[in-house]
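Observations on the model geometry
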Amino acid sequence: MANYELLRIVAMIMVVILHFLSRSDNLINLDLPLNGVRILGTLLETFCLVAVNTYVLLSGYLGIRSSFKVSRAVGLLCQIWFYTFFIFFICSAMGITTAASTRGIYGLTEYLFPIETEHYWFATSYFMLYLLTPVLGLAVKNMTKKQMQITLGGLLILFSVIKSISPVAFAFDRYGYDLPWFICVYLTAAYLGRFGFPLMEKRGWLFYAGSCLGGFSINLSMWFLSQKWDSFRYYFTVPFHYNFILCLSGAVGLLYGFSQIRIKEGTLAEIIRRLGSLSFGVYLFHEHIDLRYLWYDSIKAVINPQGKGGILYFLRELIFCVLLLFTAGIVIDWIRSRIFALVGKIFYNTKPGRRLKEMDLCLRPNLRADGSMEDLYEK
């Protein structure tokens with residue numbers, strides 16, 4: 001469905017924007033005075049913060065209609081490995097400092113074991129979530145609507161609602177950067193995919209905009225309150241946690257908003273599908289451990305070497321970074337997909353089962369009636 005692939009592309013662009021805002025330090029800071037750039041940057045962040053939840057929502061919303069595939073899990077892991085090693089080798093060849101060169105064997109493990117070391121925190125949680133999808137899918141398909149409401153309601157209250165109103169941090173709260181929250185979001189999407197949510201189905205864009213503006217208003221209010229009372233400093237950050245209730249409702253609203261978009265079948269739809277399938281590479285490219293703190297300064301040195309401030313320079317840096325990182329990520333992942341396709345084709349043509357099938361076509365006229373050739377196939 002091209003509309004959901006378009007949402008996947010938009011969500012990845014939002015991720016790049018979030019990382020740009022963080023790396024460029026253009027967000028409201030409790031220890032710095034307000035200015036137009038920081039206010040605009042924070043407003044953009046509130047509208048883009050739903051990206052991570054949206055990615056997981058798409059997996060759950062569409063996942064209940066598909067089955068688990070081991071090849072998909074292996075392919076995802078190989079894709080992650082491709083980026084960890086490919087970028088490491090490129091950086092090493094260019095003389096760029098790498099984790100392996102600064103932390104030795106401990107840095108090397110981040111390339112060898114990207115899931116275990118959280119080389120990419122999102123990829124770690126997402127990969128583990130995918131391994132759990134057969135269990136989660138089976139549960140969703142066999143539970144009644146009431147059972148799902150009770151289970152999902154309890155999880156959301158525990159992981160989202162209570163923390164969203166608490167003035168203090170809980171010991172078990174990871175702000176949505178972990179597998180338990182991904183499971184909550186996945187089950188939320190699975191529930192929506194199976195039973196729907198009439199209240200939001202025709203009001204998706206309204207819920208999205210309202211949730212984002214609500215989060216921005218809370219954050220801005222906490223900035224003013226924190227200038228007088230330090231006790232508000234923690235809650236200043238809460239609207240920007242992935243398990244904040246408005247961040248989840250905004251992602252659900254965006255999902256339903258895109259569900260109303262109709263894209264006519266044809267060249268445009270195929271391009272969107274292709275870009276959507278390659279978009280995860282954008283994340284794996286620019287968030288690689290050797291690049292994540294390097295790309296912004298490198299780009300800024302080219303387009304704004306004097307470090308001039310102001311909204312116009314901010315917007316120019318933002319647009320340039322997003323276009324460059326997204327385009328580079330798509331191109332690299334297209335190359336990666338061609339390499340994987342070639343390797344897969346070679347493997348398919350050389351594996352024993354394939355050769356035996358070709359033998360079968362040649363030997364079939366000489367097979368005996370008792371089918372004894374099947375024993376040879378087994379061996």
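Details of the structure are given in the entry above.
1. Overview of the layout of surface pockets
Looking at the largest pocket, its volume works out to about 1300 Å³. Of all the secondary structure elements, the ones that give two or more residues to the lining of the largest pocket are helix H1 (2-23), helix H3 (51-63), helix H4 (70-93), helix H6 (121-142), helix H13 (267-278) and helix H16 (311-350). In terms of residue count, H6 provides more of the lining of the largest pocket than any other element does, eight residues in total. By volume, the second largest pocket amounts to about 680 Å³. Mapped by element, the contributors of at least two residues to the lining of the second largest pocket are H1, helix H2 (36-48), H3, H6, helix H11 (233-237) and helix H14 (280-286). With six residues, H1 is the largest single contributor of residues to the lining of the second largest pocket.

2. A few points about the packing of aromatic side chains
As enumerated under the stated definition, the model contains 32 aromatic pairs in all. Seen from their ring centres, tryptophan 121 and tyrosine 177 are 4.7 Å apart, and the 55° between their planes marks the pair as tilted. With tryptophan 121 in helix H6 and tyrosine 177 in the loop between helix H7 (145-165) and helix H8 (179-195), this residue pair connects regions lying 56 residues apart in the sequence. Note on tyrosine 177: relative accessible area 36%, which makes it partly exposed. Taking the centre distance of 5.2 Å and the plane angle of 45° together, the rings of tyrosine 191 and phenylalanine 195 count as tilted. Placement of both tyrosine 191 and phenylalanine 195 in helix H8 is noted, with a separation of four residues, approximately one turn of the helix. A relative accessible area of 13% places tyrosine 191 in the buried class. A relative accessible area of 24% places phenylalanine 195 in the partly exposed class. An aromatic cluster is built from Tyr55, Tyr120, Trp121, Phe122, Tyr126, Tyr177, Phe182, Tyr242, Phe280 and Tyr283, whose rings are joined through pairwise contacts.

3. Some thoughts on unusual backbone geometry
With a phi close to 55°, glutamate 118 is a non-glycine residue in the positive phi region. Take glutamate 118: it is sitting in the loop between helix H5 (99-112) and H6. Unusually for a residue other than glycine, tyrosine 175 sits at a positive phi of about 65°. Relative to the elements of secondary structure, tyrosine 175 occurs in the loop between H7 and H8.

4. Here's the deal with H8
Here H8 contains 17 residues, and its C-alpha end-to-end distance of 24 Å stays within 8% of the 24 Å for a straight helix at 1.5 Å per residue. Among the 17 residues that make up H8, twelve are buried, leaving the element largely enclosed by the rest of the structure. Buried within H8 we find Leu179, Trp181, Phe182, Cys184, Val185, Tyr186, Leu187, Thr188, Ala189, Ala190, Tyr191 and Leu192. Elements in contact with the buried residues of H8: H3, H6, H7 and helix H12 (245-259). Phi turns positive one or two residues past the end of H8, at glycine 196, with a value near 75°.

5. Some details on the environment of leucine 268
Relative to the elements of secondary structure, leucine 268 occurs in helix H13. The class of leucine 268 is exposed, set by a relative accessible area of 53%. In this structure, the C-alpha to C-alpha distance between leucine 268 and lysine 141, residues 127 residues apart in sequence, is 34 Å.

6. Structural notes on the packing of H4 against H5
Angle between the axes and distance between the axes are the two parameters that describe a pair of packed helices. At a closest axis distance of 10 Å, the pairing of H4 and H5 adopts a crossing angle of 155°. With respect to H5, the axis of H4 lies roughly antiparallel. Note on packing geometry: the crossing formed by H4 with H5 is left-handed. For the pair H4 and H5, the contacting residues are Trp81, Thr84, Phe85 and Phe88 in the first and Ala100, Tyr111 and Leu112 in the second.

7. Topic: the nonpolar core
Phe20, Tyr83, Phe122, Trp181, Phe182 and Tyr283 are the most contacted members of the largest nonpolar core, which totals 105 residues. Among the elements that make up this core, the one with the highest residue count is H1 (13 residues). Residues within four places of tyrosine 83 in sequence aside, it is in contact with Phe88, Tyr120, Gly281, Leu284, Phe285, His288, Gly329, Ile332 and Asp333. With five residues, the next largest nonpolar core counts Phe88, Ala99, Ala100 and Ile289 among its residues.

8. Some points on the packing of H1 against H3
In contact at an axis separation of 8 Å, H1 and H3 are set at 155° when each is read in the N-to-C sense. It follows that H1 is roughly antiparallel to H3 by the angle criterion. Relative to H3, H1 is oriented so that their crossing is left-handed. Across the interface between the two elements, Tyr4, Leu7, Arg8, Ala11, Met12, Met14 and Val15 of H1 pack against Ala51, Thr54, Tyr55, Leu58, Tyr61 and Leu62 of H3. Taken together, the residues of the contact of H1 with H3 sort by class into eleven nonpolar, one polar and one charged.

9. Looking at the pattern of salt bridges
Overall, the coordinates contain ten salt bridges when judged by the stated rule. Arginine 273 is the salt-bridge partner of glutamate 270, the closest N and O atoms lying 2.8 Å from each other. Taken together, the positions of glutamate 270 and arginine 273, both in helix H13 and three residues apart, correspond to about one turn of that helix. Aspartate 333 is the partner of arginine 336 in a salt bridge, and the nearest nitrogen-oxygen pair spans 2.9 Å. With arginine 336 and aspartate 333 both in helix H16 and three residues apart, this pair spans about one turn of that helix. Of the two residues, arginine 336 and aspartate 333, neither departs from the other in class, the shared state being buried. Through salt bridges that share partners, Arg23, Glu287 and Arg292 make up one connected network.

Rules of the game
- Residues numbered from 1 in each chain as written.
- Predicted model: local features only at pLDDT ≥ 70, side-chain atom pairs only at ≥ 80, totals over all residues.
- Heavy atoms only, no water.
- 1 Å grid on protein atoms, 1.4 Å probe; cavity = no way out; pocket = protein on both sides within 12 Å on 5 of 7 lines; lining within 4 Å.
- Points joined across faces, edges and corners; volume = space filled by probe spheres on them.
- Helix = DSSP H or I, 4+ residues; strand = E, 2+ residues; numbered from the N terminus.
- Phe/Tyr/Trp six-rings, centres within 6.5 Å; stacked < 30°, edge-to-face > 60°.
- Buried < 20%, exposed > 50% of the residue type's maximum accessible area, 1.4 Å probe, protein only.
- Expected span 1.5 Å × (residues − 1).
- Contact = heavy atoms within 4.5 Å.
- Axes fitted to C-alpha atoms, helices over the stretch in contact; angles between N-to-C directions.
- Parallel < 35°, antiparallel > 145°, perpendicular 65-115°, else oblique.
- Left-handed = near helix turned anticlockwise from the far one by under 90°.
- Core = buried A, V, L, I, M, F, W, Y, C linked by side-chain atoms within 4.5 Å.
- Nonpolar A, V, L, I, M, F, W, Y, C, P; charged D, E, K, R; others polar.
- Salt bridge = Lys/Arg side-chain N within 4 Å of Asp/Glu carboxyl O.

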